[in-house]
Amino acid sequence: MTSTPTFGRVLTAMVTPMHPDGSIDLDGVQKVARHLVEHGHDGIVVNGTTGESATVDDPEKIEALRAVVDAVGDQAMIVAGAGTNDTRHSVRLAQQSMEAGADALLVVTPYYNMPTPAGIVEHTRTVAATTDAPVLLYDIPHRTGRALTLEILTELAKVDNIVGVKDAKCDLWFATTAMAETGLEWYSGADEFNLPLLAIGALGVVSVVGHVAGDDYRAMVDAVLAGDLAKAQDIHRRLIPVVNALMSTSQGGIMAKAALVELGVIDSATVRLPYVASTEDHLAKLRSGLQASGITR
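Residues numbered from 1 in each chain as written. Predicted model: local features only at pLDDT ≥ 70, side-chain atom pairs only at ≥ 80, totals over all residues. Heavy atoms only, no water.

**Some words on the UniProt feature "binding site: pyruvate" (unreviewed entry) in the protein**
The condition is simple: UniProt positions are given in the numbering used here, feature names are shortened, and annotations may be inferred rather than shown by experiment. Only runs of H or I of at least four residues qualify as helices and only runs of E of at least two qualify as strands under DSSP, and these elements are numbered from the N terminus. Contacts are residue-level and defined by heavy atoms, with any inter-residue pair within 4.5 Å sufficient. Each residue is assigned to one of three classes by its accessible area relative to the maximum for its type, calculated with a 1.4 Å probe on protein chains only: buried under 20%, partly exposed between the two thresholds, exposed over 50%.
Under the UniProt annotation, "binding site: pyruvate" (unreviewed entry) lies at Thr-50 and Val-206. For this annotated set, covering 157 residues, all C-alpha atoms fall within 11.0 Å of each other, a compact arrangement in space. Residue position: Thr-50 is located in the loop between strand 2 (43-46) and helix 2 (58-72). Once you skip the residues sitting within four places of it in the chain, Thr-50 turns out to touch Ala-13, Met-14, Val-15, Val-208, His-211 and Gly-253. Relative to the assigned elements, Val-206 resides in strand 8 (residues 204-207). For Val-206, a relative accessible area of 2% corresponds to the buried category. If near-sequence neighbours (up to four positions away) are discounted, Val-206 is found in contact with Leu-11, Ala-13, Val-45, Leu-136, Lys-166, Tyr-187, Ser-188 and Gly-189.

See below:
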């Protein structure tokens, strides 16, 4: 592992807190950002999928980003989600995000319209060209319908400020090959695969469960860096209940908000349709998972 990864080692794709009426809770945004920094994080992703980027409009995104920058911008790498399936829209959002104080950009593969590999490359190059700041690619083919192939990554690695990949593909052999052949910095984008990806050379994690287990993921990363695989395995296994509770019970963003309410970080777990609030059954599983993994207020 390199000693100075561009984006940090422990990041979370942050939820966007909302008031019960569905408006953005900027005070809650800052509370979550401070909570993350206080619990092992050196980076925060704002306006990613977990932040309900599909249903938070651009002015709201910029307001939330500014709130995070104001709260913790001097303490953490602030990565702004700027990926959409419309290149012009992505360019505008990238420009606005950088003006609002972001340190870096997260660019997801264009979704739904399923461009060709050449289209993915040109889209991403065009968005990256809006800034000199570092760009983290987001490979999550089960949401986008298109995977970042080795050929695509090889082309994009030639762009000076495209420096890393958030990997939610969960293909360890592909990740091994891509790390070796492209030199891109690799980050786990799926909590179930955090330890396996760290073990084969990922530099850090971009988590959802990090909302409640940031200190644990910091300890896991540090253990891997120190060559203490047994300690990292112990943390990985202890977190099984909470990872299952957040990532398998319902939907990660929904459950992360509910978990933050359970821990007293925010007041409301409100989400926007098409998301719906956690059921009592889901909340019971969440409480059980938090308790079993030793996560309390």
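The structure having been displayed, the exposition proceeds.
**Description of helix 3 (residues 87-99)**
The test is simple: By definition here, a helix of n residues has an expected span of 1.5 Å times n minus one. Counting of polar contacts relies on pairs of N or O atoms within 3.5 Å, with two restrictions inside protein: one atom must be capable of donating a hydrogen and the other of accepting it, and residues adjacent in sequence are counted only when both atoms are side-chain atoms.
Under the 1.5 Å per step criterion, the end-to-end length of helix 3 is 18 Å for 13 residues, consistent within 8% with the ideal 18 Å. For helix 3, the full list of buried residues reads Ser-90, Val-91, Leu-93, Ala-94 and Ser-97. On its buried side, helix 3 packs onto helix 2, strand 3 (77-81), strand 4 (104-108) and helix 4 (117-128). Sitting at the head of helix 3, Asp-86 places a side-chain oxygen 3.1 Å from the backbone nitrogen of Arg-88. Remark: Gly-101 follows helix 3 within two positions and exhibits a positive phi of approximately 110°.

**As for the packing of aromatic side chains**
To keep it simple, the criterion reads: Ring pairs are drawn from Phe, Tyr and Trp, using the six-membered ring of Trp, whenever the two centres fall within 6.5 Å, and their geometry is named by plane angle: stacked under 30 degrees, edge-to-face over 60, tilted for the rest. For a Lys NZ or an Arg CZ to count as sitting over a ring, it must be within 6 Å of the ring centre and within 35 degrees of the ring normal.
One pass over the full model with this rule turns up 1 aromatic pair. Plain terms: the ring middles of Phe-7 and Tyr-187 are 5.7 Å apart, the flat faces sit at 80° to each other, and that makes the pair edge-to-face. Here the residue Phe-7 occupies a position in the segment before strand 1 (10-13), and Tyr-187 occupies one in strand 7 (residues 185-188), the gap between them amounting to 180 residues. Each member of the pair, Phe-7 as well as Tyr-187, carries the same accessibility label: buried. Sitting over the face of the ring of Tyr-138, Lys-166 holds its NZ or CZ atom 4.0 Å from the ring centroid. Just above the ring of Phe-174 sits the side chain of Lys-169; from NZ or CZ to the centre is 3.5 Å.

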